There are 2 protein chains.
Amino acid sequence: MEQTKFILAEKDMPTRWYNILPDLPEPLPPVLHPGTGKPIGPQDMAPLFPMEIIMQEFSPLNYVDIPEEVQAVYRVWRPTVLYRARRLEKALDTPARIFYKYEGTSPAGSHKPNTAIAQAYYNKKAGIKRLTTETGAGQWGSALALGCMYFGLELKVYMVKVSYHQKPYRRMMMETWGAKCVPSPSPDTRSGQAVLATDPESPGSLGIAISEAIEDAVTSKDTKYSIGSVANHVLLHQTVIGQEAMKQMEMAGFYPDIIVGCIGGGSNFAGMFLPFVKDKVQGKRPNLRIICVEPSSCPSLTKGIYCYDFGDTAGLTPLFKMHTLGHTFMPPPVHAGGLRYHGMAPIICHLYRLGFVEARAVPQVATFEAGVTFARTEGFVSAPETNHAIRVTIDEALKCRETGEAKTILLAHSGHGHFDMAAYDQYLTGKLSDYEYPEEKVREALAHLPKVPA
Amino acid sequence: MEQTKFILAEKDMPTRWYNILPDLPEPLPPVLHPGTGKPIGPQDMAPLFPMEIIMQEFSPLNYVDIPEEVQAVYRVWRPTVLYRARRLEKALDTPARIFYKYEGTSPAGSHKPNTAIAQAYYNKKAGIKRLTTETGAGQWGSALALGCMYFGLELKVYMVKVSYHQKPYRRMMMETWGAKCVPSPSPDTRSGQAVLATDPESPGSLGIAISEAIEDAVTSKDTKYSIGSVANHVLLHQTVIGQEAMKQMEMAGFYPDIIVGCIGGGSNFAGMFLPFVKDKVQGKRPNLRIICVEPSSCPSLTKGIYCYDFGDTAGLTPLFKMHTLGHTFMPPPVHAGGLRYHGMAPIICHLYRLGFVEARAVPQVATFEAGVTFARTEGFVSAPETNHAIRVTIDEALKCRETGEAKTILLAHSGHGHFDMAAYDQYLTGKLSDYEYPEEKVREALAHLPKVPA
């Protein structure tokens, strides 16, 4: 019997998160205050986050202990399984070895609870009663609803309007766990009202939803804000994925030649590759390739500019040095709602500029073709976001067929597509289309980049 | 740390299915030919099933080896996890110990693939090219679509019309795996045409859909029929659940006082309890209680008659001795589509008559209340069918709170509710209602029971 599943014992689940910051060959550019242009400090973030999370954002330590209360919830579904995709390999007739780490077994169906649980825990510990957040396709919102349920916090989720209507089941899931969810732009905040005044039919964007959630948090009692991606502490929490995968790849007897994942804000894939990229940064694995996959209609890394920009649309956040399409850019309504973000995690952008990771943009229809191939071989129906990574995994495996190389490919499988079946239906009935790269809209948005005070 | 998850190694996955037939204290009443009134033999079933499956239907052996090809697919998600529901226990403030065996991690999201994989395998082995089947809520149809994908068979699914419209995502899932799915009653068969002629707006029923699938199978080339519940061989295949659970309860150090599960055709719950009921039949566990939970609007065990009836609506099947509401009974459109069946697995009915299992009927709204309690404690959002079992689990745990008894309750958790969120939405917004027990309609249907030829 050929082994296809690599399972860690609970006792081998990581007890610490891995922090890349002290291992970076050059320090991460500082986050700047938009008013002063000076680096922000922990106190500047205090209106948004509890201090333990803020400390993680700037932590100089290589590892941060995972509290036992968080581990206890992780154990509901962790450690997750690493699969060898033997059926996919066979269908592609490739000598490549394809592995995938499957995060779809969490109650929320994706990797997002890895940080949602931690954030809910730290807020609860700090005496916070209520959280606010934004969500795209709803994976983050439902994950935080789950986290808040476990720790007894109220939650209000601002969900990007196009996804709110495309994916009502995710909203219902949040409500089942006790959260409140409204479409964004909403009339509940001044940021939302401003967008609606200009465009009542606005499909929304993650940037707008972030503005609304932040405004709600800073203007409400006992309330903090929670972010599902981009920030250093979110990437930190996700490193349970990569640390587990590293042990599991050892069990399988292979070290990856290529690691592939999709990037929206970047947390899922960074959670996978950060423990591995350390080997590359330290020169132990110079040939390791790490491929970040983004939608060709919202290509922050491959087409964005590396500069300081706001994380949200209204300009309520500090300024982050990142690849951005401009904080006012409104991405086309692709089904991969989690990848519709104008910016990218600063850590990923930094590593990209330093040459440690590469990026590739893929069009929507090709990603669903890949997702159906995956479903028809491996069985699991994947999220539209994940299908982007599957596309490139298949492409790399097909290259191996041409060259005859038996490369080892590790795919970060971020979650299932049970709430995205309508998109599969569109693909299967030929109704799904690609969106052109919206060059003109990006140029317009880039003309509105914030000026950094000298 | 208190253990909440009991995990079997792959090597401890059962390699044999457990067959209750030779262990029954009295033999199961024979299946009769509707024309002759004589017991049917293997050859009578040959138009529907491949011979290896037919042999399992009548097997005198205690165990049937699970083919390695089937085990290889089982291993995609098996062994499944047994959980101790500590958060639910705490919320209920009960001394009861609640365990649940969670089948929701299969790619199709329920227990159904346990038999779908086996049936697809045996048909493929017998040279069959195409299968037909019926499905209620779509869990069985999607599971068989998955099974047929793994073994390269075509599939046509007749889906009960009310569910086809209520749960379009399950249809899309079947199509993603390559199956064809039509609403039943359909114009594609004479059975479907006959129903549509009487009632063009018929919501359909499992009985009608079975008629259509059987008719298609016996009139098409290289085609056989596949059934998702009721039949002996289906219950047999599901015993991987109970065998695993038995080992896991040993790991946990407890033997159940009460086992609870929902019953539509009965295969999921029988798969759980058959390995345990053996202990009761043999006098080793006289106090073990096994509670079968059904909807009060479709209560085959608690209100049905124990007699010979057809398995389908059109009368194409042989006659089964079972508790039935009458094969022409049309159940109300409750969300638990998998429980909308007029009959019940003969093995379960037999054990019920012999006093080894008991039955309880519960109304719809109370089941969703229980499902929301479960989601808000354990995290997992459960299928409407499963919520029936959760309702009784909670009720029994609350009784323990009153009496102070620390009973051990084992819940057969058949799958997730990701495709049933609209039902949760109805419940949460107060729009869900109960259906009265349709006494008059049952009386009518029972007046049309088939006469058994002398």
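1. Some thoughts on the relation of the copies chain A and chain B
Item 1. Rotating chain A by 180° and moving it 0.0 Å along the rotation axis overlays it on chain B with an RMSD of 0.0 Å. The symmetry that links the two subunits is that of a two-fold axis.
Item 2. With an isologous cut-off of 70% or more, the 100% of interface residues of chain A that recur at the interface of chain B puts this contact in the isologous class.

2. A closer look at the domain arrangement of chain A
Residues and elements named next belong to chain A.
Item 1. What the domain assignment reports for chain A is domain 1 (5-9 + 78-109 + 238-446) and domain 2 (23-65 + 112-232).
Item 2. One C-alpha centre belongs to domain 1, the other to domain 2, and the line joining them spans 22 Å.
Item 3. Facing 51 residues of domain 1, the contacting portion of domain 2 comprises 49 residues.
Item 4. Counting each side, the surface lost to burial between domain 1 and domain 2 is near 3900 Å², with a carbon and sulfur contribution of 64%.
Item 5. When the buried area of domain 1 at its contact with domain 2 is split by residue, Ala108, His350 and Phe419 rank highest and sum to 16% of it.
Item 6. For the pair domain 1 and domain 2, the interface holds 1 salt bridge.

3. Quick notes on unusual backbone geometry
In most cases, non-glycine residues show a negative phi, while peptide bonds are predominantly trans.
Residue and element names in this part refer to chain A.
Item 1. Omega for the bond connecting Arg78 with Pro79 falls within 30 degrees of zero, at -10°, which places this linkage in the cis form.
Item 2. Mapped onto the elements, Pro79 comes out in the loop between α3 (68-74) and β4 (82-84).
Item 3. Along the chain, Ser184 connects to Pro185 via a cis peptide bond; the corresponding omega equals 10°.
Item 4. Mapped onto the secondary structure, Pro185 falls in the loop between β8 (180-184) and α9 (190-198).
Item 5. Even without being glycine, Asp222 reaches a positive phi, approximately 50°.

4. Considerations on the nonpolar core
Item 1. Judged by nonpolar contacts, the single largest core of 284 residues is most densely connected at Phe273 of chain A together with Phe273 of chain B.
Item 2. Not counting the four nearest positions on each side in its chain, Phe273 of chain A is found in contact with Ile290, Cys292, Ile348, Leu351 and Val357 of chain A.

5. Focus on the sheet that holds β4 of chain A
Residue and element names in this part refer to chain A.
Item 1. Ordered in space as β1-β4-β5-β15-β10-β11-β14, the 7 strands form an open sheet in which the pairing is mixed. The sheet terminates laterally at β1 (5-6) and β14 (358-362), the two strands that pair on one side only.
Item 2. Contacts from helix α16 (residues 384-403) reach β5 (97-102), β10 (258-262), β11 (289-295), β14 and β15 (408-413) within the one sheet, and its direction differs from that of β15 by about 170°.

6. Overview of the packing of aromatic side chains
Item 1. Enumeration according to the criterion identifies 35 aromatic pairs over all chains in this entry.
Item 2. Measuring from centroid to centroid gives 6.5 Å for Trp17 of chain A and Tyr122 of chain A, while their planes differ by 55°, and the two rings are tilted. One end of the pair, Trp17 of chain A, is in strand β2 (residues 16-18); the other, Tyr122 of chain A, is in helix α5 (residues 113-125), and 105 residues separate them in sequence. Each member of the pair, Trp17 of chain A as well as Tyr122 of chain A, carries the same accessibility label: buried.
Item 3. Residues Tyr83 of chain B and Tyr100 of chain B carry aromatic rings whose centres are separated by 5.0 Å and whose planes lie at 15° to one another, so their mutual orientation is stacked. Here Tyr83 of chain B, found in strand β4 (residues 82-84), pairs with Tyr100 of chain B, found in strand β5 (residues 97-102); they are 17 residues apart in sequence, far enough to count as distant.

7. Some words on the side chain of Thr223 of chain A
Residues and elements named next belong to chain A.
Item 1. Relative to the assigned elements, Thr223 resides in strand β9 (residues 223-225).
Item 2. Residue Thr223 is classed as buried on the basis of its relative accessible area of 6%.
Item 3. A polar atom in the side chain of Thr223 sits 3.3 Å from the side chain of Arg130.
Item 4. Of note is the side chain of Thr223, whose polar atom sits 2.7 Å from the backbone oxygen of Lys221.
Item 5. Apart from the residues within four sequence positions on either side, Thr223 is in contact with Pro47, Ile128, Arg130, Leu131, Thr132 and Ala217.

8. Some thoughts on the interface of chain A and chain B
Item 1. Each side of the interface is counted separately: chain A has 45 residues, and chain B has 45 residues.
Item 2. A buried area of about 3800 Å², summed over both sides, lies between chain A and chain B, and 59% of it is on carbon and sulfur atoms.
Item 3. Viewed at the interface, chain B and chain A are joined by 4 salt bridges.
Item 4. The salt bridge partner of Lys5 of chain B is Glu10 of chain A, with a shortest N-O separation of 3.3 Å.
Item 5. When residues in the side of chain A that touches chain B are grouped by element, the largest group, 6 residues, is from helix α8 (residues 168-176) of chain A.

Analysis parameters
- Residues numbered from 1 in each chain as written.
- Chains lettered and ligands numbered in written order.
- Predicted model: local features only at pLDDT ≥ 70, side-chain atom pairs only at ≥ 80, totals over all residues.
- Heavy atoms only, no water.
- Least-squares fit on C-alpha atoms with pLDDT ≥ 70 in both.
- Contact = heavy atoms within 4.5 Å.
- Domains from an automatic or database assignment.
- Buried area = accessible area lost by both parts, 1.4 Å probe.
- Salt bridge = Lys/Arg side-chain N within 4 Å of Asp/Glu carboxyl O.
- Helix = DSSP H or I, 4+ residues; strand = E, 2+ residues; numbered from the N terminus.
- Core = buried A, V, L, I, M, F, W, Y, C linked by side-chain atoms within 4.5 Å.
- Buried < 20%, exposed > 50% of the residue type's maximum accessible area, 1.4 Å probe, protein only.
- Pairing = 2+ DSSP bridges.
- Axes fitted to C-alpha atoms, helices over the stretch in contact; angles between N-to-C directions.
- Phe/Tyr/Trp six-rings, centres within 6.5 Å; stacked < 30°, edge-to-face > 60°.
- Polar contact = N/O pair within 3.5 Å; in protein donor to acceptor, adjacent residues only side chain to side chain.

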